[in-house]
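Listed here are the chains, written in short residue letters.
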Amino acid sequence: MDILVGKKPRPLPEEAWSGLLANASQVLVDIGTGDGSFVLRSAREHPDWLCIGVDPVAEAMAGTSRRAAAKPARGGVGNALFLVASVENLPRELAGVAARVTVNYPWGSLLKALVVPLPPMLSNIAGVARTGARFDFLINLSVFHDAEYRARLGLPDLDIDRVWNELAPLYRGSGLEIERAELLEDSERARSAWGNRLVLGARRETLAIRGRFLQI
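Residues numbered from 1 in each chain as written. Predicted model: local features only at pLDDT ≥ 70, side-chain atom pairs only at ≥ 80, totals over all residues. Heavy atoms only, no water.

Turning next to the packing of aromatic side chains. Under the counting rule described, the total for this entry stands at 4 aromatic pairs. When the centroid spacing of 6.5 Å and the interplanar angle of 50 degrees are considered together, the rings of F135 and Y171 count as tilted. Taken together, the residues span a long stretch of sequence, with F135 in strand β7 (residues 129-140) and Y171 in helix α7 (residues 160-173) at a distance of 36 residues. Linked through ring pairs, F135, F137, Y171 and F213 together constitute an aromatic cluster. (Phe/Tyr/Trp six-rings, centres within 6.5 Å; stacked < 30°, edge-to-face > 60°. Helix = DSSP H or I, 4+ residues; strand = E, 2+ residues; numbered from the N terminus.)

The next thing to look at is the pattern of salt bridges. Scanning all chains against the criterion turns up 10 salt bridges. Its salt-bridge partner being R100, residue D136 comes within 3.6 Å of it at the nearest N-O pair. You can see D136 sitting in strand β7 and its partner R100 sitting in strand β6 (residues 98-104), a full 36 residues away along the chain. Close ionic contact of R212 with E179 constitutes a salt bridge, the shortest N to O distance being 3.2 Å. Separated by 33 residues along the polypeptide, R212 in strand β9 (residues 206-213) and E179 in strand β8 (residues 176-184) bring together distant segments of the chain. The class for R212 is partly exposed, based on a relative accessible area of 32%. (Salt bridge = Lys/Arg side-chain N within 4 Å of Asp/Glu carboxyl O. Buried < 20%, exposed > 50% of the residue type's maximum accessible area, 1.4 Å probe, protein only.)

Looking along the chain, the bond that leaves V116 and enters P117 is cis, with omega of -15 degrees. Mapped onto the elements of the fold, P117 is located in the loop between α4 (108-115) and α5 (119-127). Even without glycine at this site, Y105 takes up a positive phi of about 55 degrees. With respect to the element layout, Y105 can be found in the loop between β6 and α4.

The subject of this paragraph is the nonpolar core. Counting 51 residues, the largest nonpolar core has I52 and I209 as its most contacted members. When sequence neighbours within four positions are dropped, the list of residues in contact with I209 reads F135, D136, F137, I139, V163, L167, Y171, I178 and R180. In terms of nonpolar packing, the next biggest core, distinct from the first, is built from 14 residues, V39, A43, A58 and F82 among them. (Core = buried A, V, L, I, M, F, W, Y, C linked by side-chain atoms within 4.5 Å. Contact = heavy atoms within 4.5 Å.)

For the pair α4 and α5, interaxial distance at closest approach is 8 Å and the crossing angle is 95 degrees. Between α4 and α5, the interaxial angle falls into the category roughly perpendicular. Here S109, L110, A113 and L114 of α4 come into contact with α5, specifically with M121, L122 and I125. Its residues placed into classes, the contact of α4 with α5 shows 6 nonpolar, 1 polar and no charged. (Axes fitted to C-alpha atoms, helices over the stretch in contact; angles between N-to-C directions. Parallel < 35°, antiparallel > 145°, perpendicular 65-115°, else oblique. Nonpolar A, V, L, I, M, F, W, Y, C, P; charged D, E, K, R; others polar.)

This brings us to the side chain of S42. For S42, the location among the structural elements is in helix α2 (residues 37-45). Residue contacts for S42: discarding those within four places in its chain leaves L28 and C51.

Pairing between the strands of a sheet is mediated by backbone hydrogen bonds and can be parallel or antiparallel. On the basis of which strands lie adjacent, the open sheet formed by 7 strands has the order β5-β4-β3-β6-β7-β9-β8 and mixed pairing. Pairing within the sheet leaves two strands with one partner each, and these edge strands are β5 (80-84) and β8. With direction set aside, neighbouring strand axes in the sheet form an average angle of 15 degrees. Across 3 bridges, strand β3 (residues 26-31) lies against β6 in parallel orientation. Looking across to β6, one finds that D30 is bridged to T102. Packed onto the sheet, helix α1 (residues 14-23) meets β3, β4 (49-55) and β5 and runs at close to 125 degrees relative to β4. Across the face of the sheet, α4 comes into contact with β3, β6 and β7 while running at roughly 110 degrees to β7. (Pairing = 2+ DSSP bridges.)

This brings us to a positive patch on the surface. Together, K7, R44, R66 and R67 make up a positively charged patch on the protein surface. Relative to the assigned elements, R67 resides in helix α3 (residues 58-68). Take R67: its relative accessible area is 45%, and that puts it in the partly exposed class. (Patch = residues over 30% accessible without salt bridge, like charges linked within 9 Å, V, L, I, M, F, W, Y side chains within 5 Å. Areas by Shrake-Rupley, 256 points an atom, 1.4 Å probe, with all protein chains shown as cover. Lys, Arg positive; Asp, Glu negative; His and termini not counted. Charge placed at Lys NZ, Arg CZ, Asp CG, Glu CD.)

Here it is as structure tokens:
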């Protein structure tokens, strides 16, 4: 498996990967991590966790992955990894490792996977999790207030009622049990620079969908 350090992928030997898993009290996988700041912050706040950011855009993670790989005296951490991959093609090494899976303010195919939803991609997300692991998805609802824009993106309407009436059964079929769906206040801290840009200003709402992974 290759990990990103700055702009360059570097091979992570299998024994090093096994050692990281063995030494971690739990594994966090952040899918569509963007700039990776949530992963780096989580790694610093929880030094006993292994925190993994996954995104198809290497350039977005370059700066954060470089800071994570620095010496500890310069702010580096040994428990944060960054992988270049899409939700459609997640590394096989991630299978069944996560105790917690997060998606923060997705866009593009990842957003569609969560809100249409797309069961094969939901199953891919579930594939990285242990049975009983938690998931936490934060979605920018302002996109869904503009019907014309939403139609151009090919997105359905979205609100809490639809989460329970339509999404919950389809999520369950892919191994995700929704337990909570709630609107968050703008004042709640966003988890990334991208998230901060999305939630600033009037009429910016965040929908949080939270739950656990099932054994299917």
